Amino acid sequence: HWVMQTSLLKTLARKHKSTLMKMASKHRTSIETAAGPRTCIQVVVERSGGRRPLVAAFGGIPLRRQRRAVLTDRDPSQAPVKRRELIGRLLAGICEICGQRQALQAHQIRKLADLGKPGEPKPEWMNIMTKKRRKTLVVCRSCHDTIHRGQAAEFTHKSLESPLR
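Residues numbered from 1 in each chain as written. Predicted model: local features only at pLDDT ≥ 70, side-chain atom pairs only at ≥ 80, totals over all residues. Heavy atoms only, no water.

Further remarks concern the environment of Met 23. Note that Met 23 resides in helix 2 (residues 20-27). Judged by relative accessible area, Met 23 falls into the buried class, the value being 4%. Between the C-alpha atom of Met 23 and that of Thr 11, which follows or precedes it by 12 residues, the distance is 9.7 Å. Not counting chain neighbours up to four residues away, the residues in contact with Met 23 comprise Leu 9, Leu 12, Ala 13, His 16 and Ser 18. (Helix = DSSP H or I, 4+ residues; strand = E, 2+ residues; numbered from the N terminus. Buried < 20%, exposed > 50% of the residue type's maximum accessible area, 1.4 Å probe, protein only. Contact = heavy atoms within 4.5 Å.)

So this is what it looks like as structure tokens:
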């Protein structure tokens, strides 16, 4: 309560180019509640034309324990969580270079610009990543080893398109 009240008073002081203490003394008011009089911060804006004034108040709520209160906990609504594309590609269980279905790993690069400049001959795995515009490639262990050895050996590649695309 103190933190929120201080923040409110600092905001008002900044807006009106004044100090926190001046705002507190100007807007501090006592209001009647069911539990008796309470101190609060209240701003009243008078309006013309016989309309009711606008009243904004902070505080004035009795913070007492209600012994007979009934608490009902509601279950939080569970929004469906969409899986990331990489997780879906891993769960598909297919090497994106050769099509094998065993010992899959994810090959990653730092950024797409690392794939090389246009015009230079690129290995097949770079072409696949460039075409998909992805920094990751789900590959089997043998393809991953071939990539890291820097060999330009031809992969036994079935399709450039991922089954999940």
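The subject of this paragraph is the sheet that holds strand 3 (residues 54-59). On the basis of which strands lie adjacent, the open sheet formed by 3 strands has the order 1-2-3 and antiparallel pairing. Looking at which strands have only one partner, the edges of the open sheet turn out to be strand 1 (28-33) and strand 3. Averaged over all neighbouring strand pairs, the angle between strand axes comes to 50°, with direction disregarded. Two strands pair when backbone bridges link them, and strand 1 and strand 2 (residues 36-45) are joined in this way by 6 bridges, in the antiparallel orientation. Within strand 2, the position partnered with Ile 31 by the bridge is Arg 38. In this fold helix 2 packs onto strand 1 and strand 2, with an angle of close to 35° to the strand it touches most, strand 1. (Pairing = 2+ DSSP bridges. Axes fitted to C-alpha atoms, helices over the stretch in contact; angles between N-to-C directions.)

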